[in-house]
Amino acid sequence: MKKSTLILFLAVLSQLTWAQKSIEINSWKTTSPQKLNMPVFSEVKNIEGNTFEVSDLLKSTNIELNSKSLQWQNIEVGADSLIWDQTEENNLVLLKSYLSVDQWTKGSLYITLNAFYEVYLDNNLIKTKKNADLSANIIELKLNRGNHAIAIKLITSSENVKFQSEFTYDEEFADCNATASLNPKHFFTINDVLEGNNISSAQISASGKYALISYSETVSESGKSKRYTEIYDLESQKNVFVLRNKNISSVKWLPNSDKFSYVIKLEDNYELFVYNVQSGEEKSIVNNLEKFSGYTWSPTEEFIIWSESITAKKPGDLKRIYGSDDRLPYFRNRYFLHKIDVSSGKTMKLTSGNLSSYLEDIKPDGSKILFSTSRMDYSEVPFRKQNLYEMDVKTFDLTTVWENKIYGGSCQYSPDGTKLLVEGGPECFDKIGINVSEGRIPNSYDGQLYFYNLSSKNIEAITKNFDPSVNSAKWISDNTIYIDITDKDYGNLYEYNIKLKKFSKINLSVEVLSDISYAKKKPVAIYTGTSISTPKKLYVIDLKKKTNTQISFPQKEKFDDIQLGETKPWNFVNKSGTTIYGRIYYPPFYDESKKYPVIVNFYGGTSPIERSFGGRYPVNVWTAEGYIVYVLQPSGATGFGQDFSALHVNGWGFDAIDDIIDGTKKFLEDHSAADSENVGCIGASYGGYTTMLIQTRTDIFKTAISHAGISSITSYWGEGYWGYSYNTGSAKFSYPWNRKDIYVNNSPVYNADKFQNSILLLHGTDDTNVPVGESLQYYTALNLLGKDVEMVLVDGQNHWIIDYKKRIQWHYTIMSWFDKKLKDQPQQWDDLYPEKNL
């Protein structure tokens, strides 16, 4: 290091507390200098009395720091600090290096550089220097575990460019290992989950030639989203054009032609347009649609059914409640159906009255529509009854298909219009679809399929002996139905041959199917999905040849530089002799000779934790923090057969808890690298309930995290928006007055005195599903008992933490708690939540 520069660094360091460790950052990637010109009249003062300075070029010059089009070369900063021996001013140069730490670390980045510059950490601007003198700047950094990109955008002065940089960190981080390199590979982070371009949805045209692909791009740091839709030619594999008007919504293909429709909002009303992709012609179908909330094309394209949304008038300061559901603020809102004649643009109201009308389907020949209504009936579980009607759209003649049906379902017509394909639970048609052991009650959330003959009223259960749970289905031809199913922790696609009554799995290029769209006139479909270690991708599948072709992977470039750990299945047999499925996520660069803290993740409710990527609880991010993660599917989850899912019914605090405790013990015995002294668990919603209760049943979890957990089944049942209705399935026929063994004995708050070890309670203050009082009362109980409990409330958030910045803070709250309890690294938690004497 040159003498003058060394003196400058020492002068700065002498004013600070001695840092135990420091590393020089000498290896950098750099771009070739690019000449920038000052704008004309830059010497003239603007309206605020300022002239345009060289430093203003930094802000006005927009360049993508990670662009693959940039040409980089490697340099080493030598002892003389000189990186360019040239004296030309106003040249733009980019520098990039990488700083890696193996734990959360707080330190200082020292930069000495005689240029105008901006410094970016992981693409976020952290420092601007508006002069070109050779002075040192100190930038305080808080680094999460992993590899961090440091980029400098600089503009040269008339002097040779001299540069030195160094990172120092305090004595409390003496165990941290920090390194600098030119390696861009990094671990998966919460920012990788939330930011970048993602596929929102995709639809295929009737001919199978075109696709509508909708994207949502979240901008780093601000969290703002940009949305757009591409019209993509599947045959030529090229974009036709892009829709970016923010007022455009409800874009969809017409059912028989390569035209798409969309809606534009104009103040308080809407206008619906059709665009012909091949001719480029746009046509307005109807305008002045008020209270519009969605639409469906008739198969013949002759008319459209649209839904009108009526918001109920506010009742005033005092409101009488007419039934349990009337406490919900939206319960009095109503939806009614209207018809639009495409040729004339004439609209006609089809339904009205006291009950909302919901379109189920339109008959293939366009002659009739199928719609349903439902009403509350508190005399009989599940406290709601469905009516299903068929209406002739020309004569308004109405036929009742069924009425006062206890367990309703969604319906679609067969291709010939003589039958219905009904999606519902096992009890949708009394006992026809039930397949459980004697004494067990079927799980109403376990999706099933049925045929319903409109003329004979005969019913046939299709999936009664098919273990996977149905998510959705499409009756595509006389003999073929495609079914999107939950199969254990996979989301798969099956083909059902009606004549042979045979299910055949269709191999996809993803492990969890997100959505799928079928072409009407060609045996092709497009679908999106994720896998255990890959984010969402878009594929086209030839349904005849069963071949898959990738169409879009918008995050490919980013994921080329991300390092993920391995994943493996790990199952065990529980005390009842049933196989409990699970999987292990290993940290990157896993070494089985070392010890790793463990996080056990579960839900325990009606559905399994799918092996999808990212999401609200991104397991791959947890492993990037140095944890082994064990995810298991305890008794009661759908996707494993009706008998297994039935264990969820009236199962609050029973089989699922036992599976988690026994499974964790067996997992630890089977994995020597898993540190049995440092095991934590985490669950949310029903999984949060499980987490709260499990700490009263075992001491194997050194700590736990419950998000939006239920501490009293009774208060959740009575106060949660869907508490009592959810319990019509999960606690069928059971109430606080007749099953105190469930509502009291298996509620965490009534077992608080048995609590062991520690817990962090997280909750959104605006949670309507599981009210925040569930965490508040558990915190109060544990606090008064002197237990090790902390609670963090997320202001203004509902059941899910959606807000971009709050989501990031929430994530690091989770990780810092685990680091504090399982790694003995309390620094980040203490930084986020310092002690206060109140």
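Residues numbered from 1 in each chain as written. Predicted model: local features only at pLDDT ≥ 70, side-chain atom pairs only at ≥ 80, totals over all residues. Heavy atoms only, no water.

1. Describing the overall build of the protein chain
Part 1 of the reasoning: The helix and strand tally for the protein chain stands at 14 helices and 53 strands.
Part 2 of the reasoning: Relative to the 2.2 N^0.38 estimate, which gives 28 Å for 838 residues, the radius of gyration of the protein chain is 31 Å and therefore close to what a compact globule would have.
Part 3 of the reasoning: Its C-alpha atoms give the protein chain principal-axis dimensions of about 95 × 70 × 60 Å.
Part 4 of the reasoning: Counting over 838 residues, the protein chain shows a buried share of 54%.
Part 5 of the reasoning: Taking the intrachain contacts of the protein chain between residues at least 6 apart in sequence as the baseline, contacts between residues at least 24 apart amount to 62%.
Part 6 of the reasoning: Here the protein chain displays about 37500 Å² of accessible surface, and carbon together with sulfur accounts for 46% of that area.
Part 7 of the reasoning: If the 91 positive side-chain charges of the protein chain are averaged to one point and the 101 negative ones to another, these points end up 4 Å apart. (Helix = DSSP H or I, 4+ residues; strand = E, 2+ residues; numbered from the N terminus. Rg over C-alpha atoms; globule rule 2.2 N^0.38 Å. Buried < 20%, exposed > 50% of the residue type's maximum accessible area, 1.4 Å probe, protein only. Contact = heavy atoms within 4.5 Å. Areas by Shrake-Rupley, 256 points an atom, 1.4 Å probe, with all protein chains shown as cover. Lys, Arg positive; Asp, Glu negative; His and termini not counted. Charge placed at Lys NZ, Arg CZ, Asp CG, Glu CD.)

2. A closer look at the packing of aromatic side chains
Aromatic ring pairs are reported here in terms of the distance separating the ring centres and the angle at which the planes meet.
Part 1 of the reasoning: Taken as a whole and judged by the stated rule, the model has 58 aromatic pairs.
Part 2 of the reasoning: Measuring from centroid to centroid gives 5.3 Å for Tyr-270 and Phe-292, while their planes differ by 40°, and the two rings are tilted. One end of the pair, Tyr-270, is in strand β21 (residues 269–276); the other, Phe-292, is in strand β23 (residues 292–297), and 22 residues separate them in sequence. Neither Tyr-270 nor Phe-292 differs from the other in exposure class; each is buried.
Part 3 of the reasoning: An angle of 10° between the planes, with centres 4.0 Å apart, marks the rings of Phe-466 and Phe-503 as stacked. Here the residue Phe-466 occupies a position in the loop between β34 (459–461) and β35 (469–477), and Phe-503 occupies one in strand β38 (residues 502–506), the gap between them amounting to 37 residues. (Phe/Tyr/Trp six-rings, centres within 6.5 Å; stacked < 30°, edge-to-face > 60°.)

3. Digging into unusual backbone geometry
Part 1 of the reasoning: Here the amide bond leading from Val-381 into Pro-382 is cis, since omega sits at 10°, within 30 degrees of zero.
Part 2 of the reasoning: Within the secondary structure, Pro-382 sits in the loop between β28 (368–376) and β29 (384–392).
Part 3 of the reasoning: Phi angles above zero are rare outside glycine, and Ser-685 is one such case at about 60°.
Part 4 of the reasoning: Following the sequence through the fold, Ser-685 ends up in the loop between β50 (674–684) and α8 (686–694).

4. Structural notes on the nonpolar core
Part 1 of the reasoning: Ranked by internal contacts, the top residues of the largest apolar core, which has 50 residues, are Val-600, Ile-628, Trp-652, Phe-667, Ile-759 and Tyr-778.
Part 2 of the reasoning: Once you skip the residues sitting within four places of it in the chain, Tyr-778 turns out to touch Met-692, Thr-696, Ser-711, Pro-748, Val-749, Ala-752, Phe-755, Ile-759 and Leu-761. (Core = buried A, V, L, I, M, F, W, Y, C linked by side-chain atoms within 4.5 Å.)

5. Quick notes on helix α12 (residues 773–784)
Part 1 of the reasoning: The terminal C-alpha atoms of α12 lie 16 Å apart, and with twelve residues this matches the ideal 16 Å at 1.5 Å per residue to within 8%.
Part 2 of the reasoning: Those residues of α12 that sit buried are Glu-774, Ser-775, Tyr-778, Ala-781 and Leu-782. Mapping the buried residues of α12 onto a view down its axis gives an arc of 130°, with all of them on the same face.
Part 3 of the reasoning: Tucked into the core, α12 has its buried residues touching α8, α9 (713–719), β52 (758–764) and β53 (788–794).
Part 4 of the reasoning: The positive-phi residue at the C-terminal boundary of α12 is Gly-786, with phi of around 75°. (Expected span 1.5 Å × (residues − 1). Arc of directions from axis to C-beta.)

6. Structural notes on the pairing of strand β30 (residues 398–405)
Part 1 of the reasoning: Of the strand pairs in this sheet, β29 and β30 are connected by five bridges, and their pairing is antiparallel. In the sheet register, Leu-388 faces β30, and the bridge partner there is Trp-402. (Pairing = 2+ DSSP bridges.)

7. So, the sheet that holds β50
Part 1 of the reasoning: The eight strands lie next to each other as β44-β47-β49-β48-β50-β51-β52-β53, forming an open sheet whose pairing is mixed. Of all the strands in the sheet, the pair left with one neighbour each is β44 (567–569) and β53. This sheet shows a mean twist of 20° between the axes of neighbouring strands, independent of strand direction.
Part 2 of the reasoning: The strands touched by α8 within the sheet are β50, β51 (703–707) and β52, with β50 carrying the most contacts at an inclination of about 135°. (Axes fitted to C-alpha atoms, helices over the stretch in contact; angles between N-to-C directions.)

8. Section: the pattern of salt bridges
Part 1 of the reasoning: Scanning the entire structure with this criterion turns up 24 salt bridges.
Part 2 of the reasoning: Of the charged contacts, one joins Glu-308 and Lys-349 as a salt bridge, the two residues approaching to 3.4 Å between their closest N and O atoms. With Glu-308 in strand β24 (residues 303–310) and Lys-349 in strand β26 (residues 347–349), the pair connects residues that are 41 residues apart, well separated along the chain.
Part 3 of the reasoning: Here Glu-308 falls in the buried class, since its relative accessible area comes to 11%.
Part 4 of the reasoning: Among the ionic pairs, Asp-753 bridges to Lys-754, the shortest N-O distance being 4.0 Å.
Part 5 of the reasoning: Three or more residues joined by partner-sharing salt bridges are found here, namely Asp-489, Glu-511, Arg-583 and Arg-611. (Salt bridge = Lys/Arg side-chain N within 4 Å of Asp/Glu carboxyl O.)

9. Brief notes about the pairing of strand β10 (residues 136–143)
Part 1 of the reasoning: Alternating positions in β10 separate cleanly, Asn-137, Ile-139, Leu-141 and Leu-143 being buried on one face and Ala-136, Ile-138, Glu-140 and Lys-142 remaining unburied on the opposite face.
Part 2 of the reasoning: Summarising the sheet, strand β7 (residues 105–113) and β10 pair through eight bridges and their orientation is antiparallel. Note that in β10 the partner of Tyr-110 across the bridge is Ile-138.

10. A closer look at the side chain of Asp-767
Part 1 of the reasoning: Its location among the elements puts Asp-767 in the loop between β52 and α12.
Part 2 of the reasoning: Arg-616 provides the closest opposite charge to the buried, salt-bridge-free Asp-767, at an N-O distance of 9.2 Å.
Part 3 of the reasoning: Within polar-contact distance, the side chain of Asp-767 engages the side chain of His-763 at 3.3 Å.
Part 4 of the reasoning: In this structure the side chain of Asp-767 is engaged in a polar contact, spanning 2.9 Å, whose partner is the backbone nitrogen of Val-770.
Part 5 of the reasoning: If sequence neighbours within four positions are ignored, Asp-767 has contacts with Ala-708, Val-772, Gln-797, Asn-798 and His-799. (Polar contact = N/O pair within 3.5 Å; in protein donor to acceptor, adjacent residues only side chain to side chain.)

11. Thoughts on the side chain of Gln-828
Part 1 of the reasoning: Relative to the assigned elements, Gln-828 resides in helix α14 (residues 827–832).
Part 2 of the reasoning: A distance of 3.0 Å separates polar atoms of two side chains, one belonging to Gln-828 and the other to Asn-144.
Part 3 of the reasoning: Look past the residues within four positions of Gln-828 in its chain and what remains in contact with it is Trp-104, Asn-144, Tyr-812, Ser-816 and Asp-819.

12. Observations concerning empty space enclosed by the protein
Part 1 of the reasoning: Taken as a whole, this structure holds five cavities of 30 Å³ or more when the rule is applied.
Part 2 of the reasoning: Along its surface, the largest cavity is lined by Gln-103, Trp-104, Asn-144, Arg-145, Glu-625, Asp-819, Lys-823, Gln-825 and Gln-828.
Part 3 of the reasoning: A breakdown of the residues in the lining of the largest cavity according to their chemical character gives one nonpolar, four polar and four charged. (1 Å grid on protein atoms, 1.4 Å probe; cavity = no way out; pocket = protein on both sides within 12 Å on 5 of 7 lines; lining within 4 Å. Points joined across faces, edges and corners; volume = space filled by probe spheres on them. Nonpolar A, V, L, I, M, F, W, Y, C, P; charged D, E, K, R; others polar.)

13. Some words on the packing of helix α7 (residues 655–670) against α8
Part 1 of the reasoning: In the contact formed by α7 and α8, the axes pass within 11 Å of each other and the chain directions differ by 65°. The angle between α7 and α8 places the two elements in the roughly perpendicular class. In the packing of α7 onto α8, the handedness of the crossing is right-handed. Residues Ile-657, Ile-660 and Ile-661 of α7 pack against Thr-690, Leu-693 and Ile-694 of α8. (Parallel < 35°, antiparallel > 145°, perpendicular 65-115°, else oblique. Left-handed = near helix turned anticlockwise from the far one by under 90°.)

14. Here's the deal with the sheet that holds β28
Part 1 of the reasoning: With respect to topology, four strands assemble into an open sheet ordered β27-β28-β29-β30, the strand pairing being antiparallel. Looking at the sheet topology across the chains shown, the edges are occupied by β27 (358–362) and β30. Strand after strand, the sheet turns through a mean of 20° between neighbouring axes, direction not considered.
Part 2 of the reasoning: Taken together, the four bridges between β27 and β28 define a ladder with antiparallel strand orientation. Considered in β28, the bridge of Asp-361 is made with Leu-370.

15. Here's the deal with the environment of Ser-552
Part 1 of the reasoning: Position of Ser-552 among the secondary structure elements: in strand β42 (residues 547–552).
Part 2 of the reasoning: Under the relative-accessibility criterion, Ser-552 is labelled buried at 9%.
Part 3 of the reasoning: Put simply, Ser-552 and Tyr-539 are 13 residues apart on the chain and 7.0 Å apart in space, counted from C-alpha to C-alpha.
Part 4 of the reasoning: Setting aside anything within four residues of it in sequence, one finds Ser-552 in contact with Ile-199, Tyr-215, Lys-537 and Leu-538.
Part 5 of the reasoning: Polar side-chain contacts of Ser-552 include one of 2.8 Å to the side chain of Tyr-215.

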